[in-house]
Amino acid sequence: MEIVTDRLSKAAEIAAFTGAGMSAESGVTTFRSNDGLWAKFKPEELASMSAFIKNPRLVRGWYEERRKIVAAAKPNAGHYALAEMERDFRLQTVITQNIDNLHRRAGSEAVCELHGNIEQNYCMDCGMRYDGSNFAVIDETQRCTQPGCTELVRPDVVWFGELLPEDEWNSAVKAAERADVVLSIGTSGVVFPAASIPQIARKQGAYVVEINPEATCLSQTADAFLQGHSGEILPRLLEGLRHQRQQSSIR
Ligand code: BJW
Ligand code: ZN
């Protein structure tokens, strides 16, 4: 822990790369855990255009339920610690795979959302954007209300086989390349291209720290593995940074 705090305090730029585990302590179920209402489905079976076309009601039900959970959820101590690292230390960017908005709600400003945002929707035909529930619900599916258009409205998230939003991806790669330290937090690291962010950073010489209660495919190559929950580890890192700053101001 001290070695990581030391690296963080000396870094000119820090980036955080986050996955579903970041929000687990806010009560948002991760994708590849064995609990939760939707555990009987693999993400590949729901998060895809083919699943949506085949069964829009099922996929819409999944997103609708998750949207409600996320709206009722509160950022946890880990989200707040990252927001404070951005405000008071050198955390430049939070690169997130999460669609739950919890980083922004905790106060993080420089957030790259690689997989979209569950609060946004758009029409699959005319592209009209819907940010609430102002679409029509016909036969339990969401439909566009533009004149002459009744196409399905889909969530503005990135499904398997779809390209990541170009601007967000480019900003994320730049942040990873510039960073001296990358914190990879609460991700199984199996979904690409997002999972390549720690590797991109490491190639440019960054010190990569993984925070996760379980070992993942990244654990072997990370420079440090802090085993535990992000809601506990991140506040401790923040405390360590504050302590170091205080010590150096006394000296
Ligand atoms: C805690 C904790 C606590 C618990 N504290 N930690 C290269 C190689 C191989 C495959 C591919 C490749 N390139 C592309 C692919 C195909 C595919 C892919 O990667 N497939 C793999 C599964 C094999 N990728 C794509 O299709 C991507 N698009 C693409 O590549 O476009 C180019 C292309 C175009 C056309 C044809 C082909 C290619 C798009 C991927 C989109 C992924 N979308 C989803 C859904 C988003 C919307 C939604 O939320 O519904 O994104 S899937 C799902 O997985 C979601 C997540 O963001 C993503 C990653 O999951 P994450 O966050 O890692 O969660 P978990 O559950 O896996 O892990 C949680 C972790 O937390 C665990 O480790 C726990 O231990 C830990 N944890 N509690 C800290 N308290
Ligand atoms: Zn439309």
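Visitor: Can you help me understand the side chain of His115 in this one?
Guide: Tracing the sequence through the fold places His115 in the loop between β3 (111–113) and β4 (116–123). Among the polar contacts listed, one links the side chain of His115 to the backbone oxygen of Gln97, at a separation of 3.5 Å. Once residues within four sequence positions are removed from consideration, His115 is found in contact with Thr96, Gln97, Ile99, Asp156, Val157, Val158, Leu164, Val191 and Ala194.

Visitor: Honestly, the pattern of salt bridges in this entry has me stumped. Any pointers?
Guide: This model, assessed by the stated rule, comprises 10 salt bridges. For Arg87, the salt bridge is made with Asp88, and the minimal N-O distance between the two is 3.3 Å. Since its relative accessible area comes to 61%, Arg87 is described here as exposed.

Visitor: Teacher, can you tell me more about the coordination of the zinc ion (ligand 2) here?
Guide: A metal bound by six donors in octahedral fashion has ideal angles of 90 or 180 degrees, whereas one bound by four tetrahedral donors has an ideal angle of 109.5 degrees. Only Cys123 (SG), Cys126 (SG), Cys144 (SG) and Cys149 (SG) from the protein coordinate the zinc ion (ligand 2), and they sit 2.3 to 2.4 Å from it. Taken together, the four donor atoms surrounding the zinc ion (ligand 2) define angles of 104 to 124 degrees at the centre, an arrangement classified as tetrahedral. Going along the chain, you hit the donors of the zinc ion (ligand 2) in the pattern C-x2-C-x17-C-x4-C. On the criterion of sequence distance, the pair formed by Cys123 in strand β4 and Cys144 in the loop between β7 (141–143) and β8 (153–157) is long-range, its members being 21 residues apart. Per residue, the accessibility class of Cys123 equals that of Cys144, and both read buried.

Visitor: So what exactly am I meant to see when it comes to the sheet that holds β4 here?
Guide: The strands making up a sheet associate through backbone hydrogen bonding, with each pair oriented either parallel or antiparallel. One open sheet accounts for three strands, arranged β5-β4-β8; its pairing is antiparallel. Looking at strand neighbours, the two that pair on one side only are β5 (129–130) and β8, the edges of this open sheet. One ladder, built from four bridges, connects β4 with β8; its direction is antiparallel. Counterpart to Tyr122 in the pairing with β8 is Arg154. The strands touched by helix α4 (residues 56–72) are β4 and β8; relative to β4, the strand with the most contacts, the crossing angle is about 135 degrees.

Visitor: Sorry, what's going on with the sheet that holds β3 here?
Guide: Strand order across the open sheet formed by six strands is β3-β2-β1-β9-β10-β11, with parallel pairing between neighbours. Each having just a single partner strand, β3 and β11 (224–227) make up the two edges of the open sheet. Along the sheet, successive strands turn relative to each other by an average axial angle of 15 degrees, direction set aside. In terms of strand pairing, strand β1 (residues 14–18) meets strand β2 (residues 91–96) through five bridges, oriented parallel. Looking across to β2, one finds that Ala15 is bridged to Thr93. The sheet strands contacting helix α7 (residues 166–178) are β1, β2 and β3, and the helix crosses β3 at an angle near 130 degrees.

Visitor: Just to check I follow, could you spell out the packing of aromatic side chains for this structure?
Guide: Any aromatic ring pair is given by two values, namely how distant the centres are and how the planes are angled relative to each other. Under the criterion given, the structure shown has four aromatic pairs. Geometrically, the ring pair formed by Phe31 and Trp62 is edge-to-face, given 6.4 Å between the ring centres and 70 degrees between the ring planes. You can see Phe31 sitting in the loop between β1 and α2 (43–46) and its partner Trp62 sitting in helix α4, a full 31 residues away along the chain. Judged by its relative accessible area of 5%, Trp62 falls in the buried class. Relative to Trp159, the ring of Phe52 has its centre 5.3 Å away and its plane inclined at 45 degrees; by these criteria the two rings are tilted. Taken as a pair, Phe52 in helix α3 (residues 49–54) and Trp159 in the loop between β8 and α7 lie far apart in primary sequence, 107 residues in all. Linked through ring pairs, Phe31, Phe52, Trp62, Tyr63 and Trp159 together constitute an aromatic cluster. The side chain of Arg66 reaches across the aromatic face of Trp62, ending 4.3 Å from its centre. The cationic tip of Arg154 hangs over the ring face of Trp159; the distance from NZ or CZ to the ring centre is 3.9 Å.

Visitor: What should I look at first to understand the domain arrangement of the chain in this one?
Guide: A common way to report how large an interface is uses the accessible area buried once the components associate. Its domain assignment divides the chain into domain 1 (1–28 + 74–115 + 164–251) and domain 2 (31–72 + 117–157). Between domain 1 and domain 2, the contact holds 13 residues from the first and 13 residues from the second. Roughly 950 Å² of surface becomes buried between domain 1 and domain 2 when both sides are summed, with 52% attributable to carbon and sulfur atoms. The interface formed by domain 1 and domain 2 holds five residue pairs in polar contact (both at pLDDT 80 or more) in total.

Visitor: Is there a simple way to think about the site of ligand 1 in this case?
Guide: In the neighbourhood of ligand 1, 36 residues make up the surrounding shell, with Arg32, Tyr63, Gly161, Thr187 and Ser188 lying closest. A distance of 2.7 Å separates an oxygen atom of ligand 1 from a polar backbone atom of Phe192. Contact with the protein chains covers 76% of the free accessible surface of ligand 1, which is 1500 Å². The biggest single contributor to the shell around ligand 1 is α4, with three residues.

Calculation rules
- Residues numbered from 1 in each chain as written.
- Chains lettered and ligands numbered in written order.
- Predicted model: local features only at pLDDT ≥ 70, side-chain atom pairs only at ≥ 80, totals over all residues.
- Heavy atoms only, no water.
- Helix = DSSP H or I, 4+ residues; strand = E, 2+ residues; numbered from the N terminus.
- Polar contact = N/O pair within 3.5 Å; in protein donor to acceptor, adjacent residues only side chain to side chain.
- Contact = heavy atoms within 4.5 Å.
- Salt bridge = Lys/Arg side-chain N within 4 Å of Asp/Glu carboxyl O.
- Buried < 20%, exposed > 50% of the residue type's maximum accessible area, 1.4 Å probe, protein only.
- Donors = N, O, S within 2.8 Å, 3.2 Å for Na, K, Ca; no water.
- Tetrahedral: all angles 85-135°; square planar, octahedral: opposite > 155°, others 65-115°.
- Pairing = 2+ DSSP bridges.
- Axes fitted to C-alpha atoms, helices over the stretch in contact; angles between N-to-C directions.
- Phe/Tyr/Trp six-rings, centres within 6.5 Å; stacked < 30°, edge-to-face > 60°.
- Lys NZ or Arg CZ within 6 Å of the ring centre and 35° of its normal.
- Domains from an automatic or database assignment.
- Buried area = accessible area lost by both parts, 1.4 Å probe.
- Near = heavy atom within 4 Å.
- Areas by Shrake-Rupley, 256 points an atom, 1.4 Å probe, with all protein chains shown as cover.

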